[in-house]
Amino acid sequence: MMMSKFLLLLRSQQVFCLCLALTLPIAATFAQGQQTVSGVVSDSDGPLEGVSVEVKQGVARTVTDATGQYRIQANSGDTLVFRNVGYTTQEVAVGQNETINVLLMASTSSLDEVVVVGYGTQSRRNVTGSVSKVDMAETENLPNTNVTQALRGRVAGVQFTDNGRPGQNGTILVRGPRSLSAGNNPLIILDGIFFNGSMIDINPNDIESMEILKDASAAAIYGSRAANGVILITSKRGKTEKPNINLNTFYGLSDWAARMQLLTPERYLEKSMEIRRLRGVPFDPDNVATYLTLTEAENYRNGRIVDPYDMIAQQGRIFSTDVSLAGNTNHTNYYLSASMSRENGLVHDDNLRRMAFRVNLENKITDWLTIGTNTMFSENDQSGVPASISLASRQSPYGTWYREDGSPTQFTVPEDQGVSANPMRNNYLSENDNYRNNLFANFFTLVDVPWIDGLSFRVNYSANYRWIRDYQATAQDIHLPEANTTSASKRNWKAQDWVLENILDYKFKLGDNHAFDVTLMYGANRENQETTTASADQLEFDAFGWNRLNVGELQTVSSSAQKVSGISSMARINYRLKDRYLVTLTARRDGSSVFAANNKYATFPSAAFAWIASDESFLQNSSYVDLLKLRVSYGAVGNQAISPYQSLSLANITRYVYGPESALGIYPSNISNENLKWETTYTSNLAVDFELFNSRIGGTVELYNMDTRDLLVERSIPIMTGYSSIWTNLGKVNNRGIELTLNTVNIKKEKFEWTSNFVLSRNKNKIVSLYGVDADGDGREDDDLGNRWFIGQPINVYYDYVFDGIYQEGDELPAGYEPGFARFRDLNGDGRVEADNDRTIIGQGGQPKFRWGITNNFRYGNFDLSIFINAMQGWIATFNDLDFYSNSLDPIRPGNMFDGGWWTPENRSNTRPSLEYRRSVLGHSWYLSRNFIRVQDVSLAYRFPSEFLSKHRLTQLGVFLSGKNLLTFTDWLGTNPESVSTDRYPIARSYTLGLRLGF
């Protein structure tokens, strides 16, 4: 099997190298020589100093001197871009010109950049909704293998977290959680089409832009699937007539940024003796055999100690390379890319290999007819059986991990098999093939109706095929010949989705003051999934692994399938009056098969208004206000994120055994609800966009309020009905908050520039209503204690006793308590601490109260330095590793644990109890703050000068050195406060060296 893995890896690398070899010569034939272009940049008052001049899609860049002059190397097919704060950006084709003089026009706003909105694009000036654009250029020098990593801390109101493992998609939360039981993930739109795959499937270097639609006005165009926000991802296209080849590659090493502090060998001995002292068990401090097991004592005497985390760790590595070919001729626009990345995680055999290919092709058949496709394929290989972190944290530092033949022991301390299962054994005996594949294609036809100016018709047809192969096999342990522990399984999953959309767009003007943009859409979609799993246990022989399941003594087969259909229609009107009064009206009607017969359809309307106040006469001559724009919107969006068939009566199948006979039985499992319908979120948004002091300061302030009603909840019902739960609509959740984005140009000189970007968001989430029942008659609606849902509180809260220190010797002790036990507050003052009266909400989890991030970019000559700091404050999480009896692990047993310290008569801690304390006495948990401030990304890049590029006929050449997760300031005692996975997966601190090459 190892040989087969090697051959498979070799084959994949050969395929990638072949694509690279085929692509490079094609573009090399189009290479053109460079020339020196010079000129003067000025405005109406004369020459301008510090104007940025750069080659579009290249790294050649310079700035004008004090006399407005510049000099740069460029190809005849290149385009020069002239940018300066407070002026309209200009693009000029080089052609055969050696001298290009440019007159920049003063701009009242730099918000004239084009942003992607639903079913089209708009100038940011004309956007009425809440749309945030991610500057992908800010992350080009970072080793991101997942496009969602570009969202971390860089967009106000958006929270991205992952658990640190290679290939994990992470969790994205836009403006807080809305739903109690349905999904809270945003809708992903890739190149204008619903994308149901994983974000890890998308090569980050293929992305041209990424926008986040946050309010109802922006997102209502996607109706029933947009309640949790929308992320629009647009892939790259060709931009110059001359074909451009770009190669991006980086390699890096990573290690554990933080480790959970386990007991050192010395502290482990102290623990073993202290628990025996507390229980009166005799031991001799000078004789380890009296307080260690035989295995531990032997290893102690022989000086054999282990660090459990070192035993399961591997050297983290990351490698990525991709090449692209792009161009734009009179009739054809093309972008082709191939990429390969490999990431070795920090835990043994936890790896990812991804290959991705993309073809974006657009051909103008006639002046009025264009056809094209945006197609990508990716394969993610996560084969392997990672070592167990949770088991490793329980291993004695004096355990025996390997036999003399190099095979892992079954138990590191065989005297206590319930504690010491070897974390490496499953990896040694088991094999796993796990491949995820995604083929996504959008085929489109665009008709610009020749006899009506501004009228266009577009047809999108998207097919998406995804399939997973997950095969596992466990071989026989030759050291346990008496027990057949072999097993094997095959799981094959596949999905086939399609989307068909007909889009009509009409742009026209009535006079000089009235401009309209009308968009109509009608479409349908379908998602099909099926799964087949076959498994076998107690194989007669294991040589063929999962390829001979029929040799198993016990064989099982299961299969399932599901289908979801939808139909949609949409209308949107954008109206501009005098180019400063803007109105957007949107209505979308969706039908979905996941809902009941009485509520298959729902309509989601929205309206938005914007006023560009800086265009009014009373501000036009302002010396410090360049842009002042007010936006207000209100609308509704829906959530259909539940599994299909939940509104129907369902039945399950089981097999009953009657003596030697068996029979198949069918029993009801799900009760129907003919009135189940969409969750609906109603959002109001108020915002101010501003630019001040010749655009040296700019940003956005937004206030929003979101009410989510008809929550999709799986509610428990009396078991006497024959069912345990039913999906229904009930309750209401509110999210309200404020978001701030601030961009500043701090210093701008000929050779030095310093800019900053700051984002801050505060979201307050609360449950407004649940079941509408006041059973206890106290005048307020009842909480749901079982689900920890409380009226007026966030969805994710912790409800528990309030820790109040440690009982010391001499204190008055409750019955059954001893010195060193934890004390909790008697909230109602009745002299007793009990569950009914003395628990309260002690903090919120899931999302912090505040999120902020700041990026500082420095440029000196050809050097670029970027420093990004990410922070979250105002949240907590359970940290029951502080419990001495976690997972029923008695401290007297030969197991390790987190070293948080413990109370002793000599060390009278007031924060940590004695080893004999059991939190199960009250059933409470331990909690820690998750607040952190992290130096998330630091990158230093060097762009080779134009003279060097010209000499070697290159369009760009740059190198960069970056560091990720360099330093974290936090009180969290685990590995990563941002993602508190139960296995405490470590966060990686990585250092990466990269190269960008273009010609």
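Before reading on, note that the structure itself is shown above.
Every value quoted in this text rests on a predicted model; they were computed, and no experiment measured them.

What to know about the sheet that holds strand E3 (residues 52-55)
Here comes step 1: Spatial strand order, E4-E3-E6-E7: 4 strands in an open sheet with antiparallel pairing. The sheet is open, and its two edges are formed by strand E4 (61-63) and strand E7 (90-93), each paired on a single side. The mean angle between the axes of side-by-side strands here comes to 20°, regardless of whether they run parallel or antiparallel.
Here comes step 2: One ladder, built from 3 bridges, connects E3 with E4; its direction is antiparallel.

Considerations on the packing of aromatic side chains
Here comes step 1: Using the criterion set out here, one finds 31 aromatic pairs in the structure.
Here comes step 2: An angle of 75° between the planes, with centres 5.6 Å apart, marks the rings of Tyr-70 and Phe-82 as edge-to-face. Pair noted here: Tyr-70 is in strand E5 (residues 69-75) and Phe-82 is in strand E6 (residues 79-83), with a separation of 12 residues, a long-range link.
Here comes step 3: By relative accessible area, Phe-82 is classed as buried at 0%.
Here comes step 4: Pairing Phe-879 with Phe-898 gives two aromatic rings, centres 5.3 Å apart and planes at 85°, and the pair type is edge-to-face. Of this pair, Phe-879 sits in the loop between strand E43 (876-878) and strand E44 (927-929) while Phe-898 sits in the loop between E43 and E44, placing them 19 residues apart in sequence. Neither Phe-879 nor Phe-898 differs from the other in exposure class; each is buried.
Here comes step 5: Here the aromatic residues Tyr-801, Phe-803, Tyr-807, Tyr-817, Phe-821, Phe-824, Tyr-917 and Trp-926 are joined through ring pairs into a cluster of three or more.
Here comes step 6: Sitting over the face of the ring of Trp-256, Arg-259 holds its NZ or CZ atom 4.5 Å from the ring centroid.

Describing the pairing of strand E1 (residues 34-43)
Here comes step 1: Counting buried positions along E1 yields 8 of 10 residues, so the element is predominantly enclosed.
Here comes step 2: Sheet topology note: the E1/E5 ladder contains 7 bridges and is antiparallel. Of the residues in E5, the one forming a bridge with Gln-34 is Asn-75.
Here comes step 3: Of the strand pairs in this sheet, E1 and strand E8 (residues 102-103) are connected by 2 bridges, and their pairing is parallel. Residue Ser-42 lies in a different strand from E8, and its bridge partner there is Leu-103.
Here comes step 4: Across 2 bridges, E1 lies against strand E2 (residues 46-47) in antiparallel orientation. Within the sheet, the bridge partner assigned to Ser-42 lies in E2 and is Pro-47.

Observations concerning the sheet that holds strand E15 (residues 193-194)
Neighbouring strands of a sheet are bound in pairs by backbone hydrogen bonds; such pairs are parallel or else antiparallel.
Here comes step 1: Reading across from one edge, E11-E16-E17-E14-E15 is the order of the 5 strands in this open sheet, with mixed pairing throughout. Each of the sheet's edge strands pairs with one partner strand only, and the pair in question is strand E11 (131-134) and E15.
Here comes step 2: Across 4 bridges, the pairing between strand E14 (residues 187-190) and strand E17 (residues 230-235) is parallel. Across the sheet, Ile-188 pairs through a bridge with Ile-231, a residue of E17.

Examining helix H3 (residues 265-279)
Side chains three or four residues apart in an α-helix point the same way, a direct result of the helix having 3.6 residues per turn.
Here comes step 1: Between the first and last C-alpha of H3 there are 22 Å, a value that for 15 residues agrees with the 21 Å anticipated at 1.5 Å per step.
Here comes step 2: Considered for burial, the residues of H3 that qualify are Pro-265, Tyr-268, Leu-269, Lys-271, Ser-272, Met-273, Glu-274, Ile-275 and Arg-276.
Here comes step 3: If you follow the buried residues of H3, they end up packed against helix H4 (294-301).
Here comes step 4: Phi for Gly-280, located one or two positions after H3, is positive at around 75°.

A closer look at unusual backbone geometry
Here comes step 1: Its identity is not glycine, yet Arg-175 carries a phi of approximately 55°, on the positive side.
Here comes step 2: Position of Arg-175 relative to the elements: it lies in the loop between strand E13 (171-174) and E14.
Here comes step 3: A relative accessible area of 0% places Arg-175 in the buried class.
Here comes step 4: A positive phi is found at Lys-578, a non-glycine position, where the angle reads about 55°.
Here comes step 5: Looking at the element boundaries, Lys-578 is found in the loop between strand E27 (552-577) and strand E28 (581-592).

The rules behind these values
- Residues numbered from 1 in each chain as written.
- Predicted model: local features only at pLDDT ≥ 70, side-chain atom pairs only at ≥ 80, totals over all residues.
- Heavy atoms only, no water.
- Pairing = 2+ DSSP bridges.
- Helix = DSSP H or I, 4+ residues; strand = E, 2+ residues; numbered from the N terminus.
- Axes fitted to C-alpha atoms, helices over the stretch in contact; angles between N-to-C directions.
- Phe/Tyr/Trp six-rings, centres within 6.5 Å; stacked < 30°, edge-to-face > 60°.
- Buried < 20%, exposed > 50% of the residue type's maximum accessible area, 1.4 Å probe, protein only.
- Lys NZ or Arg CZ within 6 Å of the ring centre and 35° of its normal.
- Expected span 1.5 Å × (residues − 1).
- Contact = heavy atoms within 4.5 Å.

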